[in-house]
Amino acid sequence: MFKIISAVISRDLKLAMRRQADIVSALFFFIIVVSLFPLGVGPEPDLLRKLAPGVLWVAALLATMLSLPRLFADDHRDGTLEQLALAPHPLGLVVTGKVIAHWLVSGLPLALIAPVLGIQFDLSTDALVVLTFAILIGTPALSGIGAIGAALTLGLRGGGVLLSLLVLPLYIPVLIFGAGAVDATVTGLGGEGHLSLLAALTFASLGFAPWATAAALKIALE
Amino acid sequence: MKDRFNLYRFASPATFYPLAGALTPFFFAVAAVFGLAGLWLGMLVAPTDFQQGEGYRIIFIHVPASWMSMFIYLIMAGWAAIGLAFNTRLSGMMAQALAPTGALMAFLSLWTGALWGKPMWGAWWVWDARLTSELILLFLYIGYMALTAAIDDARRADKAGALLLLVGVVNIPIIYFSVQWWNTLHQGSSVNLSKSSMATTMLWGMLLMAMCFWMYSIAVAFMRVRTIMLERERNTEWVKTLLAGDEK
Amino acid sequence: MLEADNLECVRGERRLFAGLGFRLEAGELLYLQGKNGSGKTSLLRMLIGLLPPETGEIRWKGQSIKSDEFRGDLCYLGHLNAIKEELTPLENLLAAARMADEKLSEDDALDALEQVGLAGREDLACKYLSQGQKRRVALARLVKEKRPLWILDEPFVALDVAAVDWLAGIISGHLQRGGLAVMTTHQLVEIPAGTVRELRLS
Amino acid sequence: MIHWNSFGEFLAMGGYGFYVWGSFGVTALIMLIEPIAVARNRKTTIARLKRQLRAENRNTAE
């Protein structure tokens, strides 16, 4: 079981490394969107501190969305997806591997760059730590839920826009708890409760989403 | 055995079509009766609310519309589960026939909520947990309709839509509780819609209106599913005979 | 070993075939023939279990093909090559084998690539290869393939004469070992060994 | 039994007339338009399918 998952992860990472432009552009999208906000709302530190959690999280959702359409599209186009679906183990395992790989190249870089961007918003050290941690444990859920949408819209005209329409409403709980954790730290309430709920969401979606995604992929392959 | 199963599968839209056609006027009539009774009770007989004055009367459509918007989504998810489990053709058609009505109900709920909120809370829109959840429900409806519309192959559209509905129905409680929790964190006070002790006439008026909305939804969904059936089954014998006759 | 019973295929509006059935035993090859759009590829997709038939059933060793076990016995080669442009031929072969849970050593993979005439190109990313060479990368999978059931969609397309002969040899070796094969093709290629049967879709 | 003393009072809804009638009006409008739209869609669909069927029959007759 872990052999299959690791085989998929290592292949997807290898592919991502040969196509670094994709990772870098999603990351820069994140950085630019976040940096635009102070220019739009003004440089008052109090206001920025208040906005920071929401802005960073919404930008993280959008940056994740950006890389989702390609999650299965390449494998679908060149026939690899068929081969994966015909392997003698459940397709859900393959999807789990792809979701983890997607997180490693999309969610993880966001979490690593987030504290730097948080400084732009005058966040305290505590808040920066919680922000990084929240993005770290929240983004796997984004990759997992997003995979369902990516599989459902596989091969459709205008799939990218449709994908956001399907997936963004499902991202709301992650947004609420993720931004809530940082917000609670900023206001001195402590973000542990939010973080544990966020972790629960991630575990639930990583357990459930790959199987729904596998079912959606089989529908798309018919 | 196998043949009987086939026959059943192929016959079911063919038998459902005339049945739905015969029942549609009946459901419209019942909806009208319930509606008139509900309006009479709610608008003419029910007393003034001591907190909200006459403005509370919006409740007679706001609450039924909200109920129906949630109920229809559940029914669609139920059809989706049946469709995926037994591969029945009727279920996808039913889900697609219900979706626009469900979306309209969600819209009505938001619209009347806004018109109720303005005099009561002083704002057209507040990020109240219920209104926010209703808005997300509307997004889910729109997502479902957009997905099924984007897929050309009817069977794939049914299956993908069914899967999306099931994912949505699993997520709705999570979304609802997270929104509610978020809302209590940020608002803490003021917005509270607890309806004190409701007079029995009000309650009856609301229930009658809910029945009216329910019957109306069934009637419209039946009308819509009949069109979908004709379209989908246009190459089958029963539709061809129907079309050769004087079907209007 | 492979049995199909009373299959019916409906794609979109059209019924492509109905009441189709066949039975294939060890060492036998089934050629699927028919015009474009007659349902050859659809039938192959049914046989590999990706497309559920409208009616009818397909059994492998007496059991429904819905089991994981069936897929462990199956090797499918579609008209898409299923290779990654960014990876080298060697990486492609190794990654595909690992993801299909097959054992393939690097030496075996290099040997297979040499057999398909890609010696010296092992470390070149596939995007630099020609169409025919890419097809050979896909076919290199068959060299070390030990699974009993091969289902091949137009395997001879885009191959030169020498490669066609080589592939015919690989397939007949497979049949001699007691394997089964189903293929679609436009050009009838003489397969030296095994029983060849034909099924024409109209 | 009836709560209102006059029709004017009924229309005014205790000062909430705009909100109450705005809600009921739009609801009534939607519930009127939706069935009409569905019925029209049905008519055009049937007409189109009949045209297609006739064209098909002509083709097979030839």
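Rules of the game
- Residues numbered from 1 in each chain as written.
- Chains lettered and ligands numbered in written order.
- Predicted model: local features only at pLDDT ≥ 70, side-chain atom pairs only at ≥ 80, totals over all residues.
- Heavy atoms only, no water.
- Helix = DSSP H or I, 4+ residues; strand = E, 2+ residues; numbered from the N terminus.
- Buried < 20%, exposed > 50% of the residue type's maximum accessible area, 1.4 Å probe, protein only.
- Areas by Shrake-Rupley, 256 points an atom, 1.4 Å probe, with all protein chains shown as cover.
- Contact = heavy atoms within 4.5 Å.
- Buried area = accessible area lost by both parts, 1.4 Å probe.
- Salt bridge = Lys/Arg side-chain N within 4 Å of Asp/Glu carboxyl O.
- Polar contact = N/O pair within 3.5 Å; in protein donor to acceptor, adjacent residues only side chain to side chain.
- Nonpolar A, V, L, I, M, F, W, Y, C, P; charged D, E, K, R; others polar.
- Pairing = 2+ DSSP bridges.
- Axes fitted to C-alpha atoms, helices over the stretch in contact; angles between N-to-C directions.
- Parallel < 35°, antiparallel > 145°, perpendicular 65-115°, else oblique.

Let's shift gears to the overall build of chain B. Assigned secondary structure in chain B consists of 7 helices and 0 strands. In chain B, which comprises 248 residues, the proportion classed as buried is 52%. Of the roughly 10900 Å² that chain B leaves accessible, carbon and sulfur atoms contribute 70%.

Attention now goes to the interface of chain D and chain B. Taken together, the contact between chain D and chain B spans 33 residues of the former and 49 residues of the latter. When chain D packs against chain B, the two sides together hide about 3500 Å² of surface, and 73% of this comes from carbon and sulfur. Counting the surface chain D buries against chain B, the share from its top three residues, Phe24, Glu34 and Arg42 of chain D, is 18%. For the pair chain D and chain B, the interface holds 3 salt bridges. One salt bridge connects glutamate 231 of chain B with arginine 48 of chain D, and the closest N-O pair in it is separated by 3.0 Å. Taken together, the links from chain D to chain B amount to 6 residue pairs in polar contact (both at pLDDT 80 or more). Per-element accounting of the side of chain D that touches chain B gives the leading share, 25 residues, to helix H2 (residues 17-61) of chain D. For the side of chain D that touches chain B, the class distribution of residues is 20 nonpolar, 8 polar and 5 charged.

With that out of the way, let us pick up the pairing of strand S8 (residues 180-184) of chain C. Moving residue by residue along a regular strand, the side chains alternate between the two faces of the sheet. All names here are of chain C. Of all 5 residues that make up S8, 5 are buried, and the element is covered over most of its length. Residues Leu180, Val182 and Thr184 of S8 are buried on one face, and the alternating residues Ala181 and Met183, pointing to the opposite face, are buried as well. Where strand S3 (residues 28-34) and S8 come together, 4 bridges link them in parallel fashion. Of the residues in S8, the one forming a bridge with leucine 29 is alanine 181.

Attention now goes to the packing of helix H3 (residues 89-121) of chain B against H2 of chain D. Packed helix pairs are specified by the crossing angle of their axes together with the interaxial distance, meaning the distance between the axes. H2 of chain D packs onto H3 of chain B with a crossing angle of 170° between their chain directions and a minimal axis gap of 9 Å. By the angle between their axes, H3 of chain B is roughly antiparallel relative to H2 of chain D. Facing H3 of chain B, whose interface residues are Pro100, Thr101, Leu104, Met105, Phe107, Leu108, Trp111, Thr112, Leu115, Lys118 and Pro119 of chain B, H2 of chain D presents Phe18, Tyr19, Gly22, Ser23, Val26, Thr27, Ile30, Met31 and Glu34 of chain D. Classifying every residue of the contact of H3 of chain B with H2 of chain D gives 13 nonpolar, 5 polar and 2 charged.

So, on to the side chain of histidine 62 of chain B. Residue and element names in this part refer to chain B. Its location among the elements puts histidine 62 in helix H2 (residues 59-86). A relative accessible area of 11% means that histidine 62 is categorised as buried. A polar contact is formed between the side chain of histidine 62 and the backbone nitrogen of glycine 113, at a distance of 3.4 Å. If sequence neighbours within four positions are ignored, histidine 62 has contacts with Ser109, Thr112, Gly113 and Trp116.

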